[in-house]
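Coordinates in review
What follows is each chain in one-letter form.
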Amino acid sequence: MDVRVVEAAPTGFSADVLIVPVTKADAPGGTAAAVDRELGGLLTDAMARGEFKAGAGNVISFPGAGSFAGRRICFVGVGEADKITADTLRRVGGKGARAVNTARLATAAIAPLSDSTPFGPLSAAAGAEALATGAVLGTYRFLEYKTEDDSRRPDTLQTVTILVPSGADLAAAEGGATYGATVARATNYAADLANHPSSVVTPTRLAEDARALAGRLNLTVTVLEKDEMIARNMGGMVGVGQGSVEPPKFIIIEYKGAEGAPVVMVGKSITFDTGGISIKPSAGMEEMKGDMGGGAAVLATMRAVAELGLPIHVVGILTAAENMPSGTAINPGDVLHMHNGMTVEVINTDAEGRLVLADGLSYGEKTYQPRLMLDIATLTGACVVALGNHAIGLLGTSDDGKQTAREVGEETGERVWELPLWDEYNDDLKSDIADIKNTGGRAGGTITAACFLKRFVGDVPWVHLDIASTAWVNKSTDYLPKGMRGTGVRLLTGMLRRLSQG
Ligand code: BES
Ligand code: MN
Ligand code: ZN
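Residues numbered from 1 in each chain as written. Chains lettered and ligands numbered in written order. Predicted model: local features only at pLDDT ≥ 70, side-chain atom pairs only at ≥ 80, totals over all residues. Heavy atoms only, no water.

**Side note on the coordination of the manganese ion (ligand 2)**
Donor atoms from the polypeptide that coordinate the manganese ion (ligand 2) comprise Asp273 (OD), Asp350 (O), Asp350 (OD) and Glu352 (OE), at 2.0 to 2.2 Å from the metal. In this structure, the manganese ion (ligand 2) is coordinated by six donor atoms arranged in irregular fashion, with angles at the metal of 71 to 169°. Positions of the donor residues of the manganese ion (ligand 2), expressed as sequence spacing, correspond to D-x76-D-x1-E. The zinc ion (ligand 3) is placed at 3.1 Å from the manganese ion (ligand 2), the two being bridged by Asp273. One end of the pair, Asp273, is in strand β9 (residues 263-273); the other, Glu352, is in the loop between β12 (343-345) and α11 (353-368), and 79 residues separate them in sequence. Its relative accessible area of 2% is what places Asp273 among the buried residues. Of the residues examined, Glu352 reaches a relative accessible area of 1% and is grouped as buried. (Donors = N, O, S within 2.8 Å, 3.2 Å for Na, K, Ca; no water. Tetrahedral: all angles 85-135°; square planar, octahedral: opposite > 155°, others 65-115°. Helix = DSSP H or I, 4+ residues; strand = E, 2+ residues; numbered from the N terminus. Buried < 20%, exposed > 50% of the residue type's maximum accessible area, 1.4 Å probe, protein only.)

In structure tokens form, the structure reads like this:
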């Protein structure tokens, strides 16, 4: 699906569907009022009857009339005018685009709220970014394994054109729409990787995907194989990977859009998490194909950053392995020798994410001395318990980095919520026979997992994002799908965009 920006009045632009935002009021205003006059007041009637309340995400459609004859008009509510945010406009993009597919039509135009405030309180750049993001994310579907005609029938929507009135900043709107569509497509790519079964998206496949991206973008990829991991004392990577017939891969992707110390992002890439010998219960275990969601977010973010050409130096690391129980798997009680020289007693083989991340973080710290280290991981069930499905767990040692995550989280809707990382929690990780153990018990599981990781980042400023809570959700929203969501791509790319600006 293409996203464009055109300076034109809704009357003067032809598309199958005109999507018109409507603010909550007694009667339509702005563009909605002008369009409704051509319809002979159908919207006014629907609002007066209470059939359409213009709450954010409400939709009502009519066949066009007057100067809109031959087009469909899809009104989408935005709620009260003074409460419009980027999220409101993402919902307009998502709801509007979905309505076009439902009507089996091909082209859509999104009208401005009014000529004077086309995107409400948002700038042209932020408004167009939000609409484009909503439209691209809202029409995501994963059809690879559908064979029956009805469910695999491709969507019809081809082009979404964001209309801006004359006098608005067209160039800024174009920049915003390009950014939004690029990052949303990368998000959908990450969702695809998570949706594919673990028999398809193996560590090897992740390495191939990284190489394929490097083939068409300004990225360099290095993949460390198991023998190289052994040579580098990556006991976490080797230990977690040793139960599987799928070889682990340590995937390094570099984008050099600027000189200087890079931002390093490490993504947990467990292509399937059975729990290992500490095996998980069967119910819901299929979801653990998504346990590479952190790595998918890092890979997709590298893609977006390279496509956008952001002026920043970034290194992405995917710690890819499959966590399987077998005769060669690690056992509880085994001791691993980690990349940073520490020893870890494995109490629970299901706490595998922190073991692979530890080697990724330590490798990132020692190899690059980054200006900021980020990691992103479907790390703990405790994060789901603590935060539900509406917030990413935020921990770390960089106050600036955490503040950036909070601000970008608000902007993008990928909101974060901080949990403490106090030294007192470290006691839970004391081991009788090794330097530390890999689990701290049930209490404060998200925090003790982060305390574990902290031992591997050295003195580098660090931000940890636990996306176990949001990587997959069993309900869709106005612009996000049910299931795998490509969580973190918008947040990470937004953070890098900020960091590239100063
Ligand atoms: N991948 C899981 C965490 C997870 C759980 C992600 C639910 C998404 C939804 C992780 O590897 C894990 O198994 N963590 C254990 C840690 C425990 C053994 C200390 C957990 O959270 O139960
Ligand atoms: Mn696990
Ligand atoms: Zn896991």
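From this point, things continue past the structure.
**Focus on the site of ligand 1**
Contacts to ligand 1 come from 16 residues, most closely from Lys280, Asp291, Asp350, Glu352 and Gly381. In this structure, an oxygen atom belonging to ligand 1 sits 3.1 Å away from a side-chain N or O atom of Lys268. Partitioned by chemical class, the residues of the shell around ligand 1 number four nonpolar, five polar and seven charged. (Near = heavy atom within 4 Å. Polar contact = N/O pair within 3.5 Å; in protein donor to acceptor, adjacent residues only side chain to side chain. Nonpolar A, V, L, I, M, F, W, Y, C, P; charged D, E, K, R; others polar.)

**Here's the deal with the sheet that holds strand β1 (residues 2-7)**
With respect to topology, six strands assemble into an open sheet ordered β1-β6-β5-β2-β4-β3, the strand pairing being mixed. Each of the sheet's edge strands pairs with one partner strand only, and the pair in question is β1 and β3 (59-63). Between one strand axis and the next, the sheet turns by 25° as a mean value, whatever way the strands run. Pairing analysis gives four bridges linking strand β5 (residues 107-110) to strand β6 (residues 159-164), with the strands arranged parallel. (Pairing = 2+ DSSP bridges. Axes fitted to C-alpha atoms, helices over the stretch in contact; angles between N-to-C directions.)

**Remarks on the pattern of salt bridges**
Taken as a whole, this structure holds 25 salt bridges when the rule is applied. For Arg216, the salt bridge is made with Glu307, and the minimal N-O distance between the two is 3.1 Å. Taken together, the positions of Arg216 in helix α7 (residues 203-216) and Glu307 in helix α10 (residues 293-308) put the pair 91 residues apart, joining distant regions of the chain. Here Glu307 falls in the partly exposed class, since its relative accessible area comes to 32%. One salt bridge connects Asp427 with Lys430, and the closest N-O pair in it is separated by 3.5 Å. Among the residues examined, Asp427 registers a relative accessible area of 47% and is labelled partly exposed. Among the residues examined, Lys430 registers a relative accessible area of 59% and is labelled exposed. One salt-bridge network, held together by shared partners, links Asp399, Lys402, Arg406 and Glu418. (Salt bridge = Lys/Arg side-chain N within 4 Å of Asp/Glu carboxyl O.)

**Looking at the environment of Leu355**
One can find Leu355 in helix α11. Leu355 sits 67 residues away from Trp422 along the chain, and the two C-alpha atoms are 21 Å apart. The residues contacting Leu355, other than those within four sequence positions of it, are Gly236, Met237, Val240, Leu336, Met338, Val344, Val346, Asn438 and Phe452. (Contact = heavy atoms within 4.5 Å.)

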